[in-house]
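Structural description and commentary
Okay, here's what each chain looks like letter by letter:
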Amino acid sequence: MIVDRQGRRFRNLRISLTSACNYACTYCVPNGKRLVAAQDELSAEAMARGVAYLIEAAGIERLRITGGEPLVSPKLEAFMGAVGQMGLDDISLTTNGQLLARKLPLLVDAGIRRINVSLDTLDAAAFRGIARGGDLATVLDGMDQASAAGLKIKVNMVPLRGQNLDQVMPLLDYCLERGYELRFIELMRMGHLASDSNAFLQQFVSLQQLLSLIGERYEYQQADAPVDATAVRYAIPGRGHFGVIANESVPFCRTCSRLRLSSTGWLHGCLSSSNRHYVGDLLDKPRHQALPALQGLLMKALGDKQEVAFSGGATVMKIIGG
Ligand code: SAM
(Lines give C-alpha, C1' and ligand atoms only; values in the text may rest on other atoms or scores of the structure.)
Protein backbone atom coordinates (compact mmCIF):
# COMPACT_ATOMS: atom_id res chain seq x y z
CA MET A 1 0.00 0.00 0.00
CA ILE A 2 1.25 3.51 -0.78
CA VAL A 3 1.36 5.61 2.39
CA ASP A 4 3.02 8.99 2.98
CA ARG A 5 4.97 10.35 5.97
CA GLN A 6 1.77 11.61 7.57
CA GLY A 7 0.19 8.17 7.31
CA ARG A 8 -2.14 9.28 4.53
CA ARG A 9 -3.22 6.93 1.78
CA PHE A 10 -5.84 6.94 -0.94
CA ARG A 11 -9.11 5.30 0.13
CA ASN A 12 -11.69 7.46 -1.62
CA LEU A 13 -11.79 7.81 -5.38
CA ARG A 14 -13.80 10.53 -7.11
CA ILE A 15 -14.39 10.02 -10.80
CA SER A 16 -15.44 12.89 -13.00
CA LEU A 17 -17.51 10.96 -15.52
CA THR A 18 -17.66 13.94 -17.87
CA SER A 19 -16.77 17.61 -17.72
CA ALA A 20 -20.09 18.46 -19.40
CA CYS A 21 -22.68 20.15 -17.20
CA ASN A 22 -26.19 21.51 -17.66
CA TYR A 23 -25.47 24.34 -15.17
CA ALA A 24 -22.87 27.11 -15.25
CA CYS A 25 -22.70 28.07 -11.55
CA THR A 26 -21.22 31.51 -10.95
CA TYR A 27 -18.52 30.27 -8.55
CA CYS A 28 -17.52 27.40 -10.84
CA VAL A 29 -17.72 28.83 -14.39
CA PRO A 30 -16.94 32.56 -14.56
CA ASN A 31 -17.97 33.24 -18.17
CA GLY A 32 -21.41 31.64 -17.81
CA LYS A 33 -20.79 29.18 -20.65
CA ARG A 34 -21.80 25.64 -19.87
CA LEU A 35 -18.98 23.18 -20.26
CA VAL A 36 -19.31 20.46 -22.86
CA ALA A 37 -17.69 17.04 -22.81
CA ALA A 38 -14.00 17.10 -23.69
CA GLN A 39 -13.17 15.51 -27.06
CA ASP A 40 -10.75 13.06 -25.51
CA GLU A 41 -12.88 11.75 -22.67
CA LEU A 42 -12.30 8.15 -21.64
CA SER A 43 -14.86 5.50 -22.50
CA ALA A 44 -17.03 3.96 -19.78
CA GLU A 45 -15.03 0.75 -20.13
CA ALA A 46 -11.65 2.47 -19.70
CA MET A 47 -12.94 4.37 -16.66
CA ALA A 48 -14.29 1.20 -15.08
CA ARG A 49 -10.94 -0.49 -15.73
CA GLY A 50 -9.32 2.52 -14.05
CA VAL A 51 -11.42 1.93 -10.96
CA ALA A 52 -10.50 -1.77 -10.92
CA TYR A 53 -6.78 -0.98 -11.28
CA LEU A 54 -6.93 1.72 -8.60
CA ILE A 55 -8.66 -0.62 -6.17
CA GLU A 56 -5.71 -2.94 -6.57
CA ALA A 57 -2.89 -0.42 -6.79
CA ALA A 58 -4.04 2.12 -4.19
CA GLY A 59 -6.47 0.24 -1.97
CA ILE A 60 -9.50 2.32 -2.98
CA GLU A 61 -12.53 1.38 -0.86
CA ARG A 62 -15.13 3.98 -1.75
CA LEU A 63 -16.14 5.55 -5.03
CA ARG A 64 -17.99 8.80 -5.71
CA ILE A 65 -19.20 9.52 -9.22
CA THR A 66 -19.20 13.22 -10.00
CA GLY A 67 -18.43 15.63 -12.82
CA GLY A 68 -19.32 17.93 -14.58
CA GLU A 69 -22.80 16.58 -14.17
CA PRO A 70 -22.64 12.78 -14.13
CA LEU A 71 -26.31 12.31 -15.02
CA VAL A 72 -25.89 14.00 -18.43
CA SER A 73 -23.27 11.48 -19.49
CA PRO A 74 -24.24 8.73 -21.93
CA LYS A 75 -21.53 6.63 -20.21
CA LEU A 76 -23.44 6.50 -16.93
CA GLU A 77 -25.26 3.20 -17.40
CA ALA A 78 -22.30 1.19 -18.71
CA PHE A 79 -19.97 2.63 -16.08
CA MET A 80 -22.34 1.97 -13.19
CA GLY A 81 -23.01 -1.55 -14.44
CA ALA A 82 -19.29 -2.31 -14.41
CA VAL A 83 -18.27 -0.72 -11.09
CA GLY A 84 -21.24 -2.28 -9.28
CA GLN A 85 -19.51 -5.66 -9.60
CA MET A 86 -16.21 -4.64 -8.01
CA GLY A 87 -16.95 -5.21 -4.33
CA LEU A 88 -16.44 -1.60 -3.25
CA ASP A 89 -17.68 -0.72 0.26
CA ASP A 90 -19.61 2.25 -1.03
CA ILE A 91 -20.58 3.87 -4.33
CA SER A 92 -22.21 7.28 -4.22
CA LEU A 93 -22.95 10.07 -6.63
CA THR A 94 -22.92 13.87 -6.60
CA THR A 95 -25.45 15.54 -8.88
CA ASN A 96 -27.21 18.83 -9.38
CA GLY A 97 -30.45 16.83 -9.39
CA GLN A 98 -31.83 18.17 -12.66
CA LEU A 99 -32.08 14.69 -14.22
CA LEU A 100 -32.49 12.80 -10.96
CA ALA A 101 -36.10 11.68 -11.39
CA ARG A 102 -35.40 10.47 -14.93
CA LYS A 103 -32.27 8.52 -14.00
CA LEU A 104 -33.56 7.18 -10.68
CA PRO A 105 -34.42 3.64 -11.88
CA LEU A 106 -30.92 3.32 -13.32
CA LEU A 107 -29.30 4.48 -10.06
CA VAL A 108 -31.43 2.20 -7.91
CA ASP A 109 -30.77 -0.80 -10.18
CA ALA A 110 -27.04 -0.09 -10.01
CA GLY A 111 -27.16 -0.30 -6.21
CA ILE A 112 -26.70 3.39 -5.37
CA ARG A 113 -27.96 3.95 -1.82
CA ARG A 114 -26.95 7.54 -1.19
CA ILE A 115 -26.51 10.68 -3.21
CA ASN A 116 -25.42 14.29 -2.69
CA VAL A 117 -27.54 16.87 -4.42
CA SER A 118 -26.12 20.35 -4.91
CA LEU A 119 -28.66 23.05 -4.17
CA ASP A 120 -27.72 26.59 -3.21
CA THR A 121 -31.13 28.18 -2.69
CA LEU A 122 -34.88 27.52 -2.47
CA ASP A 123 -35.63 30.81 -4.20
CA ALA A 124 -36.38 30.20 -7.89
CA ALA A 125 -35.01 33.55 -9.10
CA ALA A 126 -31.82 33.26 -7.03
CA PHE A 127 -31.46 29.68 -8.29
CA ARG A 128 -31.47 30.88 -11.90
CA GLY A 129 -28.97 33.59 -10.97
CA ILE A 130 -26.48 31.18 -9.40
CA ALA A 131 -26.90 27.97 -11.42
CA ARG A 132 -27.56 29.67 -14.77
CA GLY A 133 -29.30 26.51 -15.94
CA GLY A 134 -31.95 24.05 -14.85
CA ASP A 135 -35.08 24.54 -12.82
CA LEU A 136 -35.56 24.54 -9.04
CA ALA A 137 -38.89 22.65 -8.94
CA THR A 138 -37.38 19.81 -10.99
CA VAL A 139 -34.55 19.40 -8.46
CA LEU A 140 -36.93 19.37 -5.48
CA ASP A 141 -39.17 16.82 -7.21
CA GLY A 142 -36.13 14.67 -8.04
CA MET A 143 -35.10 14.66 -4.37
CA ASP A 144 -38.64 13.74 -3.27
CA GLN A 145 -38.67 10.83 -5.68
CA ALA A 146 -35.18 9.68 -4.71
CA SER A 147 -36.06 9.80 -1.04
CA ALA A 148 -39.29 7.86 -1.65
CA ALA A 149 -37.20 5.25 -3.48
CA GLY A 150 -35.13 4.81 -0.30
CA LEU A 151 -32.00 6.80 -1.19
CA LYS A 152 -30.24 8.70 1.59
CA ILE A 153 -29.80 12.33 0.58
CA LYS A 154 -27.25 14.94 1.51
CA VAL A 155 -27.73 18.43 0.13
CA ASN A 156 -24.63 20.48 -0.71
CA MET A 157 -24.97 24.24 -0.37
CA VAL A 158 -22.22 26.77 -1.05
CA PRO A 159 -23.15 29.83 1.06
CA LEU A 160 -22.28 33.03 -0.80
CA ARG A 161 -22.40 36.47 0.76
CA GLY A 162 -24.78 38.70 -1.17
CA GLN A 163 -26.38 35.81 -3.04
CA ASN A 164 -27.88 33.14 -0.81
CA LEU A 165 -27.02 33.83 2.85
CA ASP A 166 -30.73 34.44 3.47
CA GLN A 167 -31.28 30.83 2.36
CA VAL A 168 -29.18 29.17 5.06
CA MET A 169 -32.08 28.79 7.51
CA PRO A 170 -34.81 27.98 4.94
CA LEU A 171 -32.62 25.29 3.40
CA LEU A 172 -31.65 23.91 6.80
CA ASP A 173 -35.32 23.69 7.81
CA TYR A 174 -36.27 22.16 4.47
CA CYS A 175 -33.63 19.45 4.93
CA LEU A 176 -34.36 18.79 8.61
CA GLU A 177 -38.07 18.34 7.82
CA ARG A 178 -37.33 15.77 5.15
CA GLY A 179 -34.48 13.88 6.80
CA TYR A 180 -31.87 15.15 4.33
CA GLU A 181 -28.49 16.15 5.79
CA LEU A 182 -27.45 19.65 4.73
CA ARG A 183 -23.75 20.15 4.10
CA PHE A 184 -22.50 23.67 3.77
CA ILE A 185 -19.37 23.89 1.62
CA GLU A 186 -17.16 26.87 2.37
CA LEU A 187 -16.35 28.57 -0.92
CA MET A 188 -13.05 27.26 -2.26
CA ARG A 189 -10.36 29.20 -4.07
CA MET A 190 -10.72 27.15 -7.23
CA GLY A 191 -10.63 28.13 -10.89
CA HIS A 192 -11.08 31.90 -11.36
CA LEU A 193 -11.45 32.37 -7.58
CA ALA A 194 -7.86 31.19 -7.09
CA SER A 195 -6.55 34.29 -8.85
CA ASP A 196 -9.31 36.74 -7.95
CA SER A 197 -8.91 37.22 -4.22
CA ASN A 198 -11.42 40.09 -4.12
CA ALA A 199 -14.20 38.03 -5.66
CA PHE A 200 -13.40 35.22 -3.25
CA LEU A 201 -13.33 37.37 -0.12
CA GLN A 202 -16.48 39.26 -1.08
CA GLN A 203 -18.46 36.03 -1.29
CA PHE A 204 -16.78 33.82 1.31
CA VAL A 205 -18.82 32.77 4.36
CA SER A 206 -16.91 31.05 7.16
CA LEU A 207 -17.84 28.15 9.42
CA GLN A 208 -18.05 30.55 12.37
CA GLN A 209 -20.43 32.86 10.53
CA LEU A 210 -22.66 29.93 9.63
CA LEU A 211 -22.68 28.61 13.17
CA SER A 212 -23.61 32.06 14.54
CA LEU A 213 -26.51 32.25 12.13
CA ILE A 214 -27.77 28.76 12.92
CA GLY A 215 -27.18 29.31 16.65
CA GLU A 216 -29.73 32.15 16.65
CA ARG A 217 -32.46 29.55 16.10
CA TYR A 218 -31.09 26.14 17.12
CA GLU A 219 -28.95 24.60 19.81
CA TYR A 220 -26.40 22.32 18.21
CA GLN A 221 -23.49 20.19 19.34
CA GLN A 222 -20.59 18.68 17.47
CA ALA A 223 -21.28 15.10 16.39
CA ASP A 224 -19.03 12.16 15.55
CA ALA A 225 -17.52 11.87 12.09
CA PRO A 226 -15.03 9.41 10.56
CA VAL A 227 -11.33 10.32 10.97
CA ASP A 228 -10.89 11.12 7.29
CA ALA A 229 -14.21 12.98 6.97
CA THR A 230 -14.05 16.31 5.23
CA ALA A 231 -17.09 17.74 7.04
CA VAL A 232 -17.37 18.92 10.61
CA ARG A 233 -20.72 17.46 11.68
CA TYR A 234 -23.27 18.88 14.11
CA ALA A 235 -26.41 17.47 15.73
CA ILE A 236 -29.51 19.54 16.42
CA PRO A 237 -31.08 17.40 19.15
CA GLY A 238 -34.43 15.99 18.17
CA ARG A 239 -34.22 17.41 14.64
CA GLY A 240 -31.26 15.93 12.75
CA HIS A 241 -27.75 16.78 11.60
CA PHE A 242 -25.92 19.23 9.40
CA GLY A 243 -22.28 19.46 8.37
CA VAL A 244 -19.80 22.05 7.18
CA ILE A 245 -16.97 21.29 4.77
CA ALA A 246 -14.74 24.01 6.14
CA ASN A 247 -11.80 23.98 3.74
CA GLU A 248 -10.58 27.34 4.98
CA SER A 249 -11.66 27.36 8.64
CA VAL A 250 -10.83 23.75 9.58
CA PRO A 251 -8.49 22.39 6.90
CA PHE A 252 -8.55 18.61 6.59
CA CYS A 253 -5.44 18.09 4.48
CA ARG A 254 -3.68 16.12 7.24
CA THR A 255 -6.22 13.33 6.98
CA CYS A 256 -7.23 13.66 3.33
CA SER A 257 -7.68 10.27 1.65
CA ARG A 258 -9.06 11.45 -1.68
CA LEU A 259 -7.85 10.69 -5.16
CA ARG A 260 -9.48 12.08 -8.28
CA LEU A 261 -9.60 10.76 -11.83
CA SER A 262 -10.71 13.25 -14.49
CA SER A 263 -12.89 12.32 -17.44
CA THR A 264 -9.85 12.64 -19.71
CA GLY A 265 -7.65 10.27 -17.72
CA TRP A 266 -5.66 12.49 -15.36
CA LEU A 267 -5.04 11.57 -11.73
CA HIS A 268 -5.13 14.42 -9.21
CA GLY A 269 -3.82 13.76 -5.70
CA CYS A 270 -4.87 17.15 -4.39
CA LEU A 271 -7.44 19.78 -5.38
CA SER A 272 -5.00 22.43 -4.30
CA SER A 273 -2.11 21.31 -6.50
CA SER A 274 -1.77 21.98 -10.23
CA ASN A 275 0.13 18.69 -10.63
CA ARG A 276 -1.69 15.91 -12.44
CA HIS A 277 -0.62 12.55 -13.81
CA TYR A 278 -1.82 11.02 -17.06
CA VAL A 279 -3.05 7.43 -16.79
CA GLY A 280 -5.41 7.29 -19.78
CA ASP A 281 -2.92 5.26 -21.82
CA LEU A 282 -2.33 2.78 -18.98
CA LEU A 283 -6.00 1.90 -18.82
CA ASP A 284 -5.79 0.18 -22.22
CA LYS A 285 -2.95 -2.01 -21.03
CA PRO A 286 -3.29 -5.40 -19.38
CA ARG A 287 -3.15 -5.49 -15.60
CA HIS A 288 0.43 -6.76 -15.28
CA GLN A 289 1.74 -3.87 -17.35
CA ALA A 290 -0.55 -1.18 -16.00
CA LEU A 291 -0.21 -1.76 -12.26
CA PRO A 292 3.54 -1.13 -11.80
CA ALA A 293 3.36 2.10 -13.81
CA LEU A 294 0.26 3.15 -11.92
CA GLN A 295 1.98 2.61 -8.58
CA GLY A 296 4.72 5.07 -9.55
CA LEU A 297 2.19 7.71 -10.54
CA LEU A 298 0.18 7.15 -7.36
CA MET A 299 3.28 7.85 -5.27
CA LYS A 300 3.69 11.14 -7.12
CA ALA A 301 -0.01 11.98 -6.68
CA LEU A 302 0.17 11.29 -2.95
CA GLY A 303 3.21 13.57 -2.77
CA ASP A 304 1.07 16.37 -4.22
CA LYS A 305 -1.10 16.58 -1.09
CA GLN A 306 -0.70 19.73 1.00
CA GLU A 307 0.88 19.33 4.42
CA VAL A 308 -1.61 21.35 6.41
CA ALA A 309 -4.01 23.62 4.61
CA PHE A 310 -5.83 24.04 1.35
CA SER A 311 -4.42 26.97 -0.58
CA GLY A 312 -6.55 26.85 -3.73
CA GLY A 313 -5.97 25.77 -7.30
CA ALA A 314 -6.48 27.04 -10.83
CA THR A 315 -8.36 23.93 -11.95
CA VAL A 316 -12.08 24.38 -12.51
CA MET A 317 -14.06 22.07 -10.22
CA LYS A 318 -16.12 20.78 -13.12
CA ILE A 319 -13.04 19.41 -14.83
CA ILE A 320 -11.60 17.63 -11.83
CA GLY A 321 -14.85 16.63 -10.07
CA GLY A 322 -15.91 18.49 -6.93
N1 SAM B 1 -22.66 18.63 -11.16
C2 SAM B 1 -22.57 17.98 -9.89
C3 SAM B 1 -23.15 18.85 -8.80
O4 SAM B 1 -23.61 19.95 -9.09
O5 SAM B 1 -23.16 18.41 -7.66
C6 SAM B 1 -21.17 17.51 -9.51
C7 SAM B 1 -20.00 18.41 -9.77
S8 SAM B 1 -19.94 19.92 -8.84
C9 SAM B 1 -18.40 20.57 -9.40
C10 SAM B 1 -19.61 19.31 -7.20
C11 SAM B 1 -19.72 20.29 -6.08
O12 SAM B 1 -18.68 21.24 -6.16
C13 SAM B 1 -21.02 21.08 -6.05
O14 SAM B 1 -21.65 20.88 -4.81
C15 SAM B 1 -20.56 22.51 -6.21
O16 SAM B 1 -21.38 23.39 -5.48
C17 SAM B 1 -19.16 22.46 -5.63
N18 SAM B 1 -18.29 23.54 -6.06
C19 SAM B 1 -17.92 23.91 -7.31
N20 SAM B 1 -17.06 24.96 -7.28
C21 SAM B 1 -16.88 25.26 -5.96
C22 SAM B 1 -16.10 26.23 -5.26
N23 SAM B 1 -15.33 27.12 -5.88
N24 SAM B 1 -16.14 26.23 -3.91
C25 SAM B 1 -16.92 25.34 -3.25
N26 SAM B 1 -17.66 24.39 -3.86
C27 SAM B 1 -17.65 24.36 -5.20
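Residues numbered from 1 in each chain as written. Predicted model: local features only at pLDDT ≥ 70, side-chain atom pairs only at ≥ 80, totals over all residues. Heavy atoms only, no water.

**Observations concerning the pairing of strand 2 (residues 62–66)**
- Counting buried residues along strand 2, 4 of its 5 residues qualify, which places the element largely inside the surrounding structure.
- Here 5 bridges tie strand 1 (residues 12–16) to strand 2, and the two strands are oriented parallel to one another. When the sheet's bridge partners are listed, Ile15 is paired in strand 2 with Ile65.
- Between the parallel pair strand 1 and strand 2, the chain is carried across by helix 1 (residues 44–58), and the sense of this crossover is right-handed.
- For strand 2 and strand 3 (residues 90–95), the ladder comprises 4 bridges, and the chain directions are parallel. Bridge pairing links Arg62 to Asp90 in strand 3.
- Crossover strand 2 to strand 3 through helix 2 (residues 76–83) is right-handed. (Buried < 20%, exposed > 50% of the residue type's maximum accessible area, 1.4 Å probe, protein only. Helix = DSSP H or I, 4+ residues; strand = E, 2+ residues; numbered from the N terminus. Pairing = 2+ DSSP bridges. Right-handed = clockwise from strand over helix to strand, strands pointing away.)

**Examining the packing of helix 3 (residues 100–109) against helix 5 (residues 136–148)**
- Remark: helix 3 packs on helix 5, axes separated minimally by 8 Å, with the N-to-C direction vectors making an angle of 25°. Of the possible angle classes, the one that applies to helix 3 and helix 5 is roughly parallel. Between helix 3 and helix 5 lies a crossing whose hand is right-handed. Facing helix 3, whose interface residues are Leu100, Ala101 and Leu104, helix 5 presents Asp141, Gly142, Met143, Gln145 and Ala146.
- The residue makeup of the contact of helix 3 with helix 5, split by class, is 5 nonpolar, 2 polar and 1 charged. (Axes fitted to C-alpha atoms, helices over the stretch in contact; angles between N-to-C directions. Parallel < 35°, antiparallel > 145°, perpendicular 65-115°, else oblique. Left-handed = near helix turned anticlockwise from the far one by under 90°. Contact = heavy atoms within 4.5 Å. Nonpolar A, V, L, I, M, F, W, Y, C, P; charged D, E, K, R; others polar.)

**A few points about the sheet that holds strand 8 (residues 232–236)**
- Taking strand neighbours across the sheet as the criterion, the 12 strands line up as 7-8-9-6-5-4-3-2-1-10-11-12 in an open arrangement whose pairing is mixed. Unpaired on one side and paired on the other, strand 7 (221–222) and strand 12 (277–278) mark the two borders of the sheet.
- Pairing geometry for strand 7 and strand 8, over 2 bridges, is antiparallel. Across the sheet, residue Gln222 finds its bridge partner in strand 8, namely Tyr234.
- Taken strand by strand, helix 1 contacts strand 1, strand 2, strand 10 (258–261) and strand 11 (266–268), and its axis lies near 165° from that of strand 1.
- On top of the sheet, helix 5 reaches strand 4 (114–118) and strand 5 (152–157); it is set at about 155° to strand 5, its chief contact.

**Some points on the environment of Thr95**
- As for its position among the elements, Thr95 is in strand 3.
- A C-alpha to C-alpha distance of 8.0 Å links Thr95 and Gly67, two positions 28 residues apart in sequence.
- Those residues in contact with Thr95 that sit more than four places away from it in its chain are Glu69, Leu71, Asn116, Val117 and Ser118.
- From its side chain, Thr95 meets the backbone nitrogen of Gly97 in a polar contact 2.9 Å long. (Polar contact = N/O pair within 3.5 Å; in protein donor to acceptor, adjacent residues only side chain to side chain.)

**With respect to the pairing of strand 4**
- With 4 of 5 residues buried, strand 4 lies mostly within the body of the structure.
- In this region the chain leaves strand 3, passes through helix 3 and returns to the parallel neighbour strand 4; the handedness of that crossover is right-handed.
- Bridge count between strand 4 and strand 5: 5 bridges; the pairing is parallel. Considered in strand 5, the bridge of Val117 is made with Val155.

**Some thoughts on the layout of surface pockets**
- The calculated volume of the second largest pocket comes to roughly 150 Å³.
- As for the second largest pocket, its lining consists of Lys152, Ile153, Lys154, Cys175, Leu176, Gly179, Tyr180, Glu181, Arg233, Arg239, Gly240 and His241.
- Residue assignment for the lining of the second largest pocket shows that the elements contributing at least two residues are strand 5, helix 6 (168–178) and strand 9 (240–245).
- For the lining of the second largest pocket, the element with the highest residue contribution is strand 5, accounting for 3 residues.
- Residue composition of the lining of the second largest pocket, by class: 4 nonpolar, 3 polar and 5 charged. (1 Å grid on protein atoms, 1.4 Å probe; cavity = no way out; pocket = protein on both sides within 12 Å on 5 of 7 lines; lining within 4 Å. Points joined across faces, edges and corners; volume = space filled by probe spheres on them.)

**Let's talk about the pattern of salt bridges**
- Under the defined criterion, the tally for this structure stands at 13 salt bridges.
- Residue Arg9 is joined to Glu61 by a salt bridge in which the shortest nitrogen-to-oxygen separation is 2.8 Å. You can see Arg9 sitting in the segment before strand 1 and its partner Glu61 sitting in the loop between helix 1 and strand 2, a full 52 residues away along the chain.
- Taking the relative accessible area as the measure of exposure, Arg9 reaches 15% and is therefore buried.
- Look at Glu61 and you get partly exposed, because its relative accessible area is 25%.
- Put simply, Arg287 and Glu56 hold a salt bridge, and the shortest N to O gap is 2.3 Å. (Salt bridge = Lys/Arg side-chain N within 4 Å of Asp/Glu carboxyl O.)

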